[in-house]
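What follows is the residue order along each chain.
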Amino acid sequence: MRATSLSFSGVSRRFGRVAVLRGAAGEVAAGGLLAVRGPNGSGKSTLLRCLAGLLAIERGEIRAREEGRELATADRRRRIGFLAPDLALYEELSVAENVELFARLRGVAPEPGLAIARRFALPAGRPWGALSSGMRQRLRWAWALLHAPRLLLLDEPFQNLDAEGEATARALLDEHLASGGLAVAASPVSLPLPRITGELDLAR
Amino acid sequence: MRKPLLLLLWLWMCGIIVAAYHWAPLAEGFKGDSSRILFFHVPVAWVSFVAFMAAGVSSLRFLAGRREARHDRSAAVAVELGLLFALLATLTGAIWARIEWGAWWNWDPRQTSIVVAMLFYAAYLALRSAIADQESRGRLSAAYATLGLVVAPFFYFILPRLAFTLHPEPVVNASGEVDVDPRMLAVLLASSAGFTVLYFWIHRLRARLAGIELRRDEGTE
Amino acid sequence: MSSTWLAEAFAVFGKDWRSEMRARHSVATLVLFALTTLIIASLALGPIGASPGERSEVVAALLWILLLFAAAAGLPRAFVHEEESRTAAALRLAARPSAVFAGKLLWVASLLAALEAIATPLAVALFDLEVASPLGLLAALAGGGLGLAAATTVLAAIVAQGRGATTLFAALAFPLLVPLAVLAVAATRSALLGGEAGPVLLQLLLYDGSIVVAGFLLFPVIWNP
């Protein structure tokens, strides 16, 4: 196992009596990208939420390492960068205020996050509640990266983005992987992404 | 529980009924034989407290350990039984109150506080039924029952002493002295012990049954 | 380490106040509820008829009933809104649970303090009461307010993850709050009428301490799967 890596095996999760995930397994190391595929309802989002520590798993194991250090669940939750379509920021707070708030909560300087927001050409003073869905997705990217995470979990990363937004997002992902980070990206369609080092098809 | 032990428990409880009516003296200042209900009323009230505490302990074990479903089930069963015993305590108390005070219900602080305790634990069951996901249900209801570990002593020991009460002094009164006839005390303690063992026996049966039902339901899926 | 923990807790507290100042979800509900109840009660009871002592007895109870129901109506929002507007995940991923709890507790306590600051003088004026011990009244309000805040914060975090959060909140909160209400009413009554309040305040403090400590210990379990 490499110094910075994420591996999971036998990950199972039910909702009521519906088994959404049955023994999902995968592995990705620094600089690599694990592409998770599968039709609607195959458990992609559930898997990512489990990996993020937002959902408890019933069976299986998730191991995350950063620079050789094994992360406990509580650490993993705070260290990862997470992007998902149903993640929202505070409606009444502006783009800049949201970035500053979460930088303070994570104990990092707000400047890198604000810089990403500028790269996405986000209007700093506009509240989350008044952002279009494409702009929200841009801000989700800035939110996910503002603490320079090593482990990045991306659920539908390019949803609602226009060509310009997708280009910026791809550039950010490239920089993240080039600097020794790793990523897991989930999408129902095959994403033409560089540096894919592993694939997991949940449809089986 | 093994058969001989069960027989022993049965004989013990029979002995208590006989002793309560034929060996223990009557307490002074009460109408007729009404004070004899004490030998059943106090133990069931005590057992309801034990059950609620047991629910809290099972919940702590659930949260602190590897979140095993059997601890979650054990807590839920303990709450159900605690409610049953609290209801018995309320009913026996009401019968006694009718004879001594002339009314089934008097809003005495002790009557009120056991009702509040019952409401608290009835809310536990409401909480369980409001959460569909098994993981969240176990986690959240265990947190609530653990909170009960902290507040139940308020219900049972602090709240009843706050206001003026007609209720007889608790057996161990505020000054910590025991002021009861030794034979009465002996029957009372023996009865409390008997009811406590009875509770743990029923609890074990119910928890096993709940486990079997769960496996049956999963098997037929 | 501890200074960043404080910064986290204050950041949670600060963002709740900022959102509140812009949208006014909670303050309006709380103040309207309190005002309406007080006015109805003062119209119904009036300062005429009852002796000052009797009025103090009634108002001590009335004030806490009002605060309790206002809390039940307006405060579960502290967590329910995070879950409903789907911001809870962002908060879970960014902040330590204990800092979230501290921030939310501070937020709820400050709302209650503001409500008490409005409702108490108004009650004293409307019912023409005399306050025997202003310091005792302050202690009763602070002690009762802290316990109410701690209990509602913990329970709001629990019910926010279930169905029918508001009704569920009422079912869970009222039994838990009965000891607090009884103690707070007793402390308020003796502050208004004068009299020994020490033991009751001590028990109130014991209740507050138990709930706050239990809250800090249990919150990580409640908040995170």
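Going by the structure above, here's the rest.
Rules of the game
Residues numbered from 1 in each chain as written. Chains lettered and ligands numbered in written order. Predicted model: local features only at pLDDT ≥ 70, side-chain atom pairs only at ≥ 80, totals over all residues. Heavy atoms only, no water. Helix = DSSP H or I, 4+ residues; strand = E, 2+ residues; numbered from the N terminus. Rg over C-alpha atoms; globule rule 2.2 N^0.38 Å. Buried < 20%, exposed > 50% of the residue type's maximum accessible area, 1.4 Å probe, protein only. Contact = heavy atoms within 4.5 Å. Areas by Shrake-Rupley, 256 points an atom, 1.4 Å probe, with all protein chains shown as cover. Lys, Arg positive; Asp, Glu negative; His and termini not counted. Charge placed at Lys NZ, Arg CZ, Asp CG, Glu CD. 1 Å grid on protein atoms, 1.4 Å probe; cavity = no way out; pocket = protein on both sides within 12 Å on 5 of 7 lines; lining within 4 Å. Points joined across faces, edges and corners; volume = space filled by probe spheres on them. Nonpolar A, V, L, I, M, F, W, Y, C, P; charged D, E, K, R; others polar. Pairing = 2+ DSSP bridges. Axes fitted to C-alpha atoms, helices over the stretch in contact; angles between N-to-C directions. Salt bridge = Lys/Arg side-chain N within 4 Å of Asp/Glu carboxyl O. Polar contact = N/O pair within 3.5 Å; in protein donor to acceptor, adjacent residues only side chain to side chain.

Student: Which residues make up the overall build of chain C, and what are the values?
Tutor: Secondary structure summary: chain C contains nine helices and zero strands in total. Taken from N to C terminus, the helices and strands of chain C fall in the order α-α-α-α-α-α-α-α-α. Taking 2.2 N^0.38 as the reference for a compact globule, 225 residues should give roughly 17 Å; the C-alpha atoms of chain C span a radius of gyration of 18 Å, in line with that estimate. For the C-alpha atoms alone, the extent of chain C along its principal axes is close to 60 × 35 × 30 Å. Counting the 225 residues in chain C, one finds 54% classified as buried.

Student: For the overall build of chain A, give the residues involved together with the corresponding values.
Tutor: A tally of regular secondary structure across chain A gives six helices and nine strands. In terms of C-alpha radius of gyration, chain A reaches 16 Å, essentially the compact-globule figure of 17 Å for 204 residues. Each principal axis of the C-alpha atoms in chain A carries an extent, and together these give about 45 × 35 × 30 Å. Going through the 204 residues of chain A one by one, you find that 55% of them count as buried. The long-range share in chain A, meaning contacts at least 24 apart out of those at least 6 apart in sequence, stands at 72%. With an accessible surface of roughly 8200 Å², chain A has 49% of that area assigned to carbon and sulfur atoms. Taken together, the 28 basic and 22 acidic charged side chains of chain A have centroids lying 5 Å from each other.

Student: Kindly report on empty space enclosed by the protein, identifying the contributing residues and their values.
Tutor: Residue and element names in this part refer to chain C. Scanning the model with the defined rule gives three cavities of 30 Å³ or more in all. For the largest cavity, the calculated volume is near 200 Å³. Lining the largest cavity are 21 residues, and of these Asp-16, Ser-19, His-25, Arg-77 and His-81 lie nearest its centre. Here the residues of the lining of the largest cavity sort into six nonpolar, seven polar and eight charged. Estimates place the volume of the second largest cavity at around 50 Å³. Val-59, Ala-60, Leu-63, Thr-120, Ala-123, Val-124, Leu-129, Leu-137, Thr-188 and Leu-192 are the residues that line the second largest cavity. When residues of the lining of the second largest cavity are traced back to their parent elements, those giving at least two are α3 (52-74), α6 (97-126) and α8 (165-193). Here the lining of the second largest cavity is composed, by residue class, of eight nonpolar, two polar and no charged.

Student: Residue-level account of the sheet that holds strand β4 (residues 59-66) of chain A, with values.
Tutor: Residue and element names in this part refer to chain A. Spatially, four strands are ordered β2-β1-β4-β5 in an open sheet, and the strand pairing comes out antiparallel. In this open sheet, the two edge strands, each paired with only one partner strand, are β2 (18-29) and β5 (69-70). Pairing of strand β1 (residues 5-15) with β4, which is carried by six bridges, proceeds in the antiparallel orientation. From the neighbouring strand, Ser-12 faces β4, where its bridge partner is Arg-59. Across the sheet, helix α1 (residues 44-52) is in contact with β1, β2 and β4; its angle to β1 comes to roughly 120°.

Student: Can you tell me about the interface of chain C and chain B, naming the residues and giving the values?
Tutor: On the chain B side, the residues contacting the 27 residues of chain C number 26 residues. For the interface between chain C and chain B, the tally reads zero salt bridges. Summed over the shared surface of chain C and chain B, the result is four residue pairs in polar contact (both at pLDDT 80 or more). At the level of secondary structure, the elements contributing two or more residues to the side of chain C that touches chain B comprise α7 (134-159), α8 and α9 (198-223) of chain C. Looking at the side of chain C that touches chain B element by element, the count peaks at 10 residues for α9(C). Along the lines of polarity and charge, the residues of the side of chain C that touches chain B split into 21 nonpolar, five polar and one charged.

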